[in-house]
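Examining the three-dimensional arrangement
This is what each chain is made of:
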Amino acid sequence: MVVSPGTAQKPEADTLTDFDAVVIGAGVSGLYQLYRLRELGLRVRVFETGSGVGGTWYWNRYPGARFDSESWTYGYSFSPELLEQWDWEEHFAGQPETERYLNYVADKFELRRDIQFKSRVTSAHYREATRSWDVTLEDGRRYSTRFLITAIGVLSAPTMPRIAGVDTFRGLSCHTHHWPKEPVSFGGKRVAVIGTGASGVQTITEVARTVGHLSVFQRTPQWCAPLHNARISKEEMRQIRANYREIFARCQQTYGCFIHASDPRATHEVTPEQREAFWEKLYEEPGFGIWMGNFRDILVDREANALISDFLARKIRQRVKDPAVAEKLIPRNHGFGTRRVPLESGYYEVYNQPNVQLVDVKQTPIERITPSGIKTSDAEYEFDIIIYATGFDAITGSFDRIDIRGVDMALLKEKWKDGPQTFLGILVDGFPNMLMVMGPHAGLGNFPRAAEYSADWVTGLIHFARERGLTRIEATAAGAADWTDHVIASSQGLLFTEVDSWMTGINRNVEGKQTRRIMRYSGGHPAFRERCDAVAAGGYRELSLA
Ligand code: NA7
């Protein structure tokens, strides 16, 4: 049954629960999931912690926050009318533009009337007697729902460093994820940034433009590559619009749903001169091409990886004037692309500014945050502002922060303590009627491309169940074990598995997240879709349905 958004009918069988479906999160995936479930005529409520839509793009309003995906590959693809109406301003949109876009989508499809803002879900408990979930908000309000759908993102549980004295600092201090809505001025201020991941790199570059003095506290340098952002002219936007079908089709074919496809050649199949020329070309091109569009073996072959790493090290040495600083900015403990590559717009040149200082906290560890600044093992610094770009309890962190209990009150966090176990990254055995959009062990990549697929699959399954009067959907233990084994097997041989990062589940600021585990499916999105499509086409026989 397809009804227009907003005219949802109440199916008889489900009137025992407040809602047919509760979606947690009004970010990129939650908004689209709501749209799709409304099409089925479901009574849906979205609970969102923030006071506006956007998820990642609502919260991460730190200076310099912007896409590393091409804007025109990042927008939703489901509505030709939306594609027709929305003009992207930049090839890699900044956070304000993206937040505006997601608000535009929410308004256009009148999504807000089913979204309850300022509503943090603190617990979700499954009740076997009614085959439903009881959902409790932070303020104590409770709701029941047949289906519980998590759309809580992969990087939405920010983590502060475990450094003594963090609460004692008297100036302004803030995690990049929690950046205030009011403008913050850096002119004449002494600013510290702790953390040099993708968020830190963007923040540092932007703050350096106007800051009085900037100190960057770096634990691990990153292999950064140029973003090469530019504005989109009217003519370019016209061409993009005319090509949307091809653009999205290409994203469907690539490993990570980006427009960049890996080069079919291996690094050693070309001469050193050809290799150098190819890498120079990639370095001059916008976006993730140098990571995703490189020779096919750079992320699996140690020698190939060492060569591309050496190319990037030479770039850092060319761009940073002080050789000692350049050496500090060159990663030694991981090769290029084995961690998420931050894209930058003048990041390395920041260290040529006389008012910017790089502090290597491996050499001189931070001992404590003081009321006036930061004390390391060899100096005491005074600051007006401390920015924590210290990352996230990735992928499972936002699940861990909700008390999710399935059959017999089993705790999801406990079930996943040695790493996630899921079926297709969407279902978990022992947690009936809970469906995860972009859950752990799902295909990851250019987020909206993967999220649209995930939400479509969830919608298809719910549609299937309702048509047949099924009220209980669960993964089998065998199905989850198979998928988990497959996810782990698909990561074998990939160099990223040998490196500590949020992609291997490491966060030194979180108890129990010190051992590497595979957090996402690494077989590529086309293979992920093929498997999920086969399950759907086979009538979901791998699931336990009742
Ligand atoms: P990341 O990439 O996890 O980066 C966090 C950074 O914070 C990283 O450089 C960490 O160093 C550093 N960090 C964390 N704790 C500390 C302490 N205690 N002391 C010093 N430095 C610390 O998070 P981002 O927010 O930058 O990016 C997350 C993703 O968002 C990104 O990949 C994009 O996909 C978007 P470490 O490397 O652990 O030594």
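Reading guide: rules and limits
- Residues numbered from 1 in each chain as written.
- Predicted model: local features only at pLDDT ≥ 70, side-chain atom pairs only at ≥ 80, totals over all residues.
- Heavy atoms only, no water.
- Domains from an automatic or database assignment.
- Contact = heavy atoms within 4.5 Å.
- Buried area = accessible area lost by both parts, 1.4 Å probe.
- Near = heavy atom within 4 Å.
- Polar contact = N/O pair within 3.5 Å; in protein donor to acceptor, adjacent residues only side chain to side chain.
- Areas by Shrake-Rupley, 256 points an atom, 1.4 Å probe, with all protein chains shown as cover.
- Nonpolar A, V, L, I, M, F, W, Y, C, P; charged D, E, K, R; others polar.
- Phe/Tyr/Trp six-rings, centres within 6.5 Å; stacked < 30°, edge-to-face > 60°.
- Helix = DSSP H or I, 4+ residues; strand = E, 2+ residues; numbered from the N terminus.
- Buried < 20%, exposed > 50% of the residue type's maximum accessible area, 1.4 Å probe, protein only.
- Lys NZ or Arg CZ within 6 Å of the ring centre and 35° of its normal.
- Expected span 1.5 Å × (residues − 1).
- Arc of directions from axis to C-beta.
- pLDDT = per-residue confidence, 0-100.
- Salt bridge = Lys/Arg side-chain N within 4 Å of Asp/Glu carboxyl O.

**Remarks on the domain arrangement of the protein chain**
What the domain assignment reports for the protein chain is domain 1 (14-53 + 111-157 + 394-545) and domain 2 (192-234 + 260-388). When each unit is reduced to the centre of its C-alpha atoms, the spacing between domain 1 and domain 2 is 33 Å. Residue-level contacts link 11 residues of domain 1 with 12 residues of domain 2. A combined buried area of about 870 Å² lies between domain 1 and domain 2, and 60% of that area is made up of carbon and sulfur atoms. On the domain 1 side of the interface with domain 2, the three residues burying the most area are L495, V499 and M503, jointly 51% of the side's total.

**Thoughts on the site of the ligand**
Within the structure, the ligand sits among 19 residues, and S199, R219, T220, R340 and W502 are positioned closest to it. Measuring from an oxygen atom of the ligand, one finds a side-chain N or O atom of W502 at 2.9 Å. In the complex, the protein chains occlude 84% of the 780 Å² of accessible area that the ligand would expose alone. Split into classes, the residues belonging to the shell around the ligand amount to 7 nonpolar, 9 polar and 3 charged.

**Describing the packing of aromatic side chains**
Geometry of an aromatic ring pair is reported as the spacing of the ring centres plus the angle between the planes. The full count for this structure, using the stated rule, is 40 aromatic pairs. Here the aromatic rings of F19 and Y143 are separated by 6.0 Å at their centres, their planes lie at 40°, and the arrangement is tilted. Here F19, found in strand β1 (residues 19-24), pairs with Y143, found in strand β6 (residues 142-150); they are 124 residues apart in sequence, far enough to count as distant. Comparing F19 with Y143 shows no difference in burial state: the two are buried. Taken together through their ring pairs, the aromatic side chains of Y32, Y35, W57, F67, Y74, Y76, F78, W86, W88, Y101, Y104 and F109 make up a single cluster. Note that R468 overlies the ring of F464, its terminal NZ or CZ placed 3.7 Å from the centroid.

**Some details on the environment of A198**
Tracing the backbone through its elements, the reader meets A198 in helix α6 (residues 198-210). Under the relative-accessibility criterion, A198 is labelled partly exposed at 25%. Taking the C-alpha atoms as reference points, A198 and G64, 134 residues apart in sequence, are found 11 Å from one another. Dropping the residues within four chain positions of it, A198 is found in contact with Y62, R340 and P342.

**Quick look at helix α17 (residues 477-490)**
The terminal C-alpha atoms of α17 lie 20 Å apart, and with 14 residues this matches the ideal 20 Å at 1.5 Å per residue to within 8%. Every buried residue of α17 is accounted for by G479, A480, W483, T484, V487 and S490. Taken around the axis of α17, the buried residues stretch over an arc of 130°, which confines them to a single face. Of the residues in α17, the exposed ones pointing more than 90 degrees away from the buried face are A477, A478, D482 and D485. Buried-residue contacts for α17 involve α18 (525-537).

**A word on the confidence of the model for the protein chain**
Residue-level pLDDT values for the protein chain average 96, and 97% of them are 70 or greater. At the level of individual helices and strands, the protein chain shows its lowest average pLDDT in helix α14 (residues 397-400), which scores 97, and its highest in strand β8 (residues 190-194), which scores 99.

**Side note on the pattern of salt bridges**
Under the defined criterion, the tally for this structure stands at 47 salt bridges. Between E138 and R120 there is a salt bridge, with its nearest N and O atoms 3.7 Å apart. Of this pair, E138 sits in the loop between β5 (132-137) and β6 while R120 sits in the loop between β3 (115-116) and β4 (121-127); the two residues are 18 residues apart in sequence, bridging distant segments of the chain. Given a relative accessible area of 58%, E138 falls into the exposed group. Ionic pairing is found between R508 and D500, a salt bridge with its closest N-O pair at 2.6 Å. Taking the relative accessible area as the measure of exposure, D500 reaches 22% and is therefore partly exposed. Beyond isolated ion pairs, a larger network of salt bridges with shared partners links D20, R43 and R466.

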